[in-house]
Amino acid sequence: MARKTTPARREGRRPLIAGNWKMNLTHLEAIGLVQKLAFSLKEPELEAAEVVVLPPFTALRSVQTLVTGDKLEVGYGAQDLSAHDSGAYTGEVSGAMLAALACRYVVVGHSERRALHGEDDAVVASKVQAALRHGLVPILCVGEGLDVRRAGTHVSHCTTQLDAALEGLTAEQLLAPGDGAGSGGAGSGGGVVIAYEPVWAIGTGEVATPEDAQEVCGAIRSRLAERFGPEAAAVVRILYGGSVKAANTVGILAGPDVDGALVGGASLDADEFVQICRTAADGS
Ligand SMILES: O=C(CO)COP(=O)(O)O
């Protein structure tokens, strides 16, 4: 069957499907899941869509060893990093440590970090800078809670979070791919990935409609164009996250500004995640 061309591919942005495992899976379980993914997904699928896993810190070294040893086309990254580069910050993990494990990506500003660990916009902005300092591509999360959605101010809420997190960034930083690659090849996107994750849709089964996802992802791209110019904005990949499953992936990825998905719960199930990646690769 002929491969359909998604709007994302028309713009030259390779779809990105990233599995945020959150606080799940030991390093041994992580190896098993990555092996299943790499075994199930065929080479053309892994070329058409970039597939990335975001395991807990404790599994990163094992995933690195597996991916490099078996030359797997699966990328990996971390779920958080410290705003600091080194020093007396008990329990934190620096960008340098992640770069040394050849992580390509790191999630920054996930709503669970914002809500449960008190990360405000200033902390999120300094973590974006820390990621870029170490050649990591930040996957910057923005998204509104249910109260904001009900008030109808979700678009300005998300663009305000975006503005704050990207404070001080240059268009070059937005364009440049991070050089911490080594985990499954570079994507065709820029140096920053944005993820729109409405808080009310995370882990609730309450998925945003394709129109909801496109509305905010489109507004994010317009805002990026205003601040950094259309060229930089056209390169940045914008993901949707929140109760993404195999069954709703086609609709979610239909929006011309939705370049992939940040998948939580469904990324822990190999068959389900493979199906999501396949859908993105097929561009259906
Ligand atoms: O938070 C998420 C990804 O970062 C989304 O989680 P769920 O897919 O479990 O809703």
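Residues numbered from 1 in each chain as written. Predicted model: local features only at pLDDT ≥ 70, side-chain atom pairs only at ≥ 80, totals over all residues. Heavy atoms only, no water.

The name that an unreviewed UniProt entry assigns to the protein chain is Triosephosphate isomerase, with the source organism given as Geodermatophilus sabuli. Quoted verbatim from the Catalytic activity (unreviewed entry) heading of the UniProt record, the comment on the protein chain is "D-glyceraldehyde 3-phosphate = dihydroxyacetone phosphate". (UniProt positions renumbered as here; feature names shortened; annotations may be inferred.)

Chemist: Kindly report on the sheet that holds strand E2 (residues 50-54), identifying the contributing residues and their values.
Modeler: The pairing of strands in a sheet happens through backbone hydrogen bonds and is either parallel or antiparallel. Taken together, eight strands build a closed barrel; the order of strands is E1-E2-E3-E4-E5-E6-E7-E8 and the barrel is parallel. Taken pair by pair, the neighbouring strands of this sheet meet at an average axis angle of 25°, ignoring direction. Inspection of the sheet shows strand E1 (residues 16-20) paired to strand E8 (residues 260-263) by four bridges, in the parallel sense. Within E8, the residue paired with glycine 19 across the bridge is valine 263. (Pairing = 2+ DSSP bridges. Helix = DSSP H or I, 4+ residues; strand = E, 2+ residues; numbered from the N terminus. Axes fitted to C-alpha atoms, helices over the stretch in contact; angles between N-to-C directions.)

Chemist: Before we move on, can you summarise the UniProt feature "active site" (unreviewed entry) in the protein chain with the specific residues and values?
Modeler: Here, the residues flagged by UniProt with the feature "active site" (unreviewed entry) are His110 and Glu197. The named residues occupy 88 residues along the chain; their greatest pairwise C-alpha distance, 8.3 Å, places them in one compact cluster. Within the structure, histidine 110 has its side chain in polar contact with the backbone nitrogen of glutamate 112 (distance 2.9 Å). With respect to the helices and strands, the residue glutamate 197 is situated in the loop between strand E6 (193-196) and helix H11 (210-228). In this structure, glutamate 197 is in contact with His110, Cys141, Val142, Gly143, Glu144, Ile202, Gly241, Gly242 and Leu262, ignoring residues within four places of it in sequence. There is a polar contact of 3.0 Å between the side chain of glutamate 197 and the side chain of histidine 110. (Polar contact = N/O pair within 3.5 Å; in protein donor to acceptor, adjacent residues only side chain to side chain. Contact = heavy atoms within 4.5 Å.)

Chemist: Give me the lowdown on the site of the ligand, citing residues and values where you can.
Modeler: Taken together, the residues surrounding the ligand are Asn20, Lys22, His110, Glu197, Ala201, Ile202, Gly203, Gly242, Ser243, Leu262, Gly264 and Gly265. One of the side-chain N or O atoms of lysine 22 is found 2.8 Å from an oxygen atom in the ligand. Take glycine 265: an N or O atom from its main chain is 2.8 Å from an oxygen atom of the ligand. About the coverage of the ligand: the protein hides 95% of its 310 Å² of free accessible area. Residue composition of the shell around the ligand, grouped by class: three nonpolar, seven polar and two charged. (Near = heavy atom within 4 Å. Areas by Shrake-Rupley, 256 points an atom, 1.4 Å probe, with all protein chains shown as cover. Nonpolar A, V, L, I, M, F, W, Y, C, P; charged D, E, K, R; others polar.)

Chemist: Give a description of unusual backbone geometry that names residues and reports values.
Modeler: Not every positive phi belongs to a glycine, and leucine 25 is a case in point at roughly 80°. Mapped onto the fold, leucine 25 is located in the loop between E1 and helix H2 (27-40).

Chemist: Any details on the confidence of the model for the protein chain? Residues and values, ideally.
Modeler: Looking at the protein chain, the pLDDT average stands at 92 and 92% of residues meet or exceed 70. In the model, residues 1-5 has pLDDT below 50 throughout and makes six contacts with residues more than four positions away in sequence or in other chains. Here residues 178-187 is a poorly scored stretch, pLDDT under 50, and it has 34 contacts once near neighbours within four places are set aside; other chains count. (pLDDT = per-residue confidence, 0-100.)

Chemist: Lay out the pattern of salt bridges with the relevant residues and their values.
Modeler: Applying the stated rule across the entire model yields 17 salt bridges. Among the salt bridges present, the one from glutamate 119 reaches arginine 113, with a minimum N-O distance of 3.0 Å. A salt bridge links arginine 223 to glutamate 226, with the nearest nitrogen and oxygen atoms 2.5 Å apart. On the criterion of helical spacing, the pair formed by arginine 223 and glutamate 226 is a turn pair, its members being three residues apart in helix H11. You can call arginine 223 partly exposed: its relative accessible area is 22%. Take glutamate 226: its relative accessible area is 60%, and that puts it in the exposed class. Salt bridges linked by common partners bring Arg13, Arg221, Asp257 and Asp259 together as one network. (Salt bridge = Lys/Arg side-chain N within 4 Å of Asp/Glu carboxyl O. Buried < 20%, exposed > 50% of the residue type's maximum accessible area, 1.4 Å probe, protein only.)

Chemist: Could you give an account of the packing of aromatic side chains, with specific residues and numbers?
Modeler: Per the counting criterion, the structure on display carries one aromatic pair. Relative to tyrosine 240, the ring of tyrosine 196 lies with its centre 6.2 Å away and its plane at 65°, an arrangement referred to as edge-to-face. On the criterion of sequence distance, the pair formed by tyrosine 196 in strand E6 and tyrosine 240 in strand E7 (residues 237-241) is long-range, its members being 44 residues apart. (Phe/Tyr/Trp six-rings, centres within 6.5 Å; stacked < 30°, edge-to-face > 60°.)

Chemist: So what's going on with the pairing of E1? Which residues, and what values?
Modeler: Counting buried positions along E1 yields five of five residues, so the element is predominantly enclosed. Residue alternation in E1 divides its side chains into two sets, Leu16, Ala18 and Asn20 and Ile17 and Gly19, and both sets are buried. In the sheet, E1 pairs with E2 via five bridges, with the strands oriented parallel. Residue pairing in the sheet places isoleucine 17 in a bridge with valine 51 of E2.

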